Amino acid sequence: MDDGKDINITNDQLFEFMTKMYNEMQGGFKQVNSRIDGVENEMQGGFKQVNLRIDGVENEMQGGFKQVNSRIDGVENEMQGGFKQVNSRIDGVENEAKKTNTKIEHEIMPKLDVLFDGYKQNSDKLDRIQEEVSKHEEIILRRVK
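Small disclaimer: the values here were computed from a predicted structure and weren't measured.

What counts as what
Residue numbers here run from 1 along each chain, matching the order of that chain's written sequence. With pLDDT at 70 or above as the cut-off, local features in this predicted model cover only qualifying residues; side-chain atom pairs require 80 or more to be listed or tallied, and sums for whole chains, interfaces and linings still use all residues. Water and hydrogen atoms play no part in the side-chain values, which are based on all heavy atoms of the structure. We count a stretch as a helix when DSSP gives it H or I for four or more residues in a row; a strand needs E for two or more, and each element gets its number in order from the N terminus. In this treatment the radius of gyration is a C-alpha quantity, and the globule benchmark scales as 2.2 Å times the residue count to the 0.38 power. Accessibility here uses a 1.4 Å probe with only protein chains present; expressed as a share of the type maximum, an area under 20% marks a residue as buried, one over 50% as exposed, and anything in between as partly exposed. Values of accessible area rely on a 1.4 Å probe in the Shrake-Rupley scheme; residue burial ignores everything except the protein chains shown. Charge counting treats Lys and Arg as positive and Asp and Glu as negative, with His and both chain ends excluded. Every charge is mapped to an atom, namely NZ of Lys, CZ of Arg, CG of Asp or CD of Glu. To count toward a patch, a residue needs a relative accessible area above 30% and no salt bridge. Like charges then connect within 9 Å, nonpolar side chains (Val, Leu, Ile, Met, Phe, Trp, Tyr) within 5 Å. The salt bridge criterion pairs a side-chain nitrogen of Lys or Arg with a carboxyl oxygen of Asp or Glu, the two atoms within 4 Å.

(A) Quick look at the overall build of the protein. For the protein, the helix and strand inventory stands at 1 helix and 0 strands. The C-alpha atoms of the protein give 59 Å as radius of gyration, which overshoots the globular expectation for 145 residues (15 Å, by more than 25%). With the principal axes as the frame, the protein shows a C-alpha extent of 185 × 40 × 20 Å. The buried share among the 145 residues of the protein stands at 0%. Of the roughly 14,400 Å² that the protein leaves accessible, carbon and sulfur atoms contribute 56%. Positive and negative charge centroids in the protein, built from 21 and 28 side chains respectively, lie 18 Å apart.

And the structure:
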């Protein structure tokens, strides 16, 4: 610094000035640290609030899922009951169909066979009668001529 003034600073003055600067810097750092601690505490408080809110939402969601699961279980039980009823009714229809088939095979088919045989015998008899009638008609027609 050469502005025309002579500055003579002794080592003691320099030491005193540096000590004063050091003390002021330490005080500044304490203030900065204090403010950082304050911000950190506020952030931790905010995080606690956020975590509490998240926990609340999580609990509500778990409760909702339990309700949904309960309702799904109810629907599933109703459906299973309905399927059991349907299966029971189908089993009943199958049993009735088996009974009907058995009755047709053992009772109705033999009667139909007998009826068919009777029809065939009757038809054969009518054919024989018609043949005889035709012969007689020929004889009668020959005599009439």
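(B) Up close: a nonpolar patch on the surface. Judged by side-chain polarity, Ile-7, Ile-9, Leu-14, Phe-17, Met-18 and Met-21 come together as a nonpolar surface patch covering roughly 610 Å² of accessible area. Residue Ile-9 is classed as exposed on the basis of its relative accessible area, which comes to 54%.

(C) Spatial organisation of the pattern of salt bridges. For the structure on display, the rule yields 3 salt bridges. When the shortest N-O distance is used, the salt bridge between Glu-96 and Lys-99 registers 3.7 Å. Taken together, the residues span about one helical turn, with Glu-96 and Lys-99 both in helix H1 (residues 11–144) at a distance of 3 residues. A relative accessible area of 54% places Lys-99 in the exposed class. For Glu-138, the salt bridge goes to Arg-142, with nearest N and O atoms at 3.7 Å. Pair noted here: Glu-138 and Arg-142 are both in helix H1, with a separation of 4 residues, about one helical turn. For Glu-138, a relative accessible area of 47% corresponds to the partly exposed category. We classify Arg-142 as exposed; its relative accessible area is 60%.

(D) Structural view of the environment of Glu-16. Relative to the assigned elements, Glu-16 resides in helix H1. Put simply, Glu-16 and Lys-30 are 14 residues apart on the chain and 21 Å apart in space, counted from C-alpha to C-alpha.

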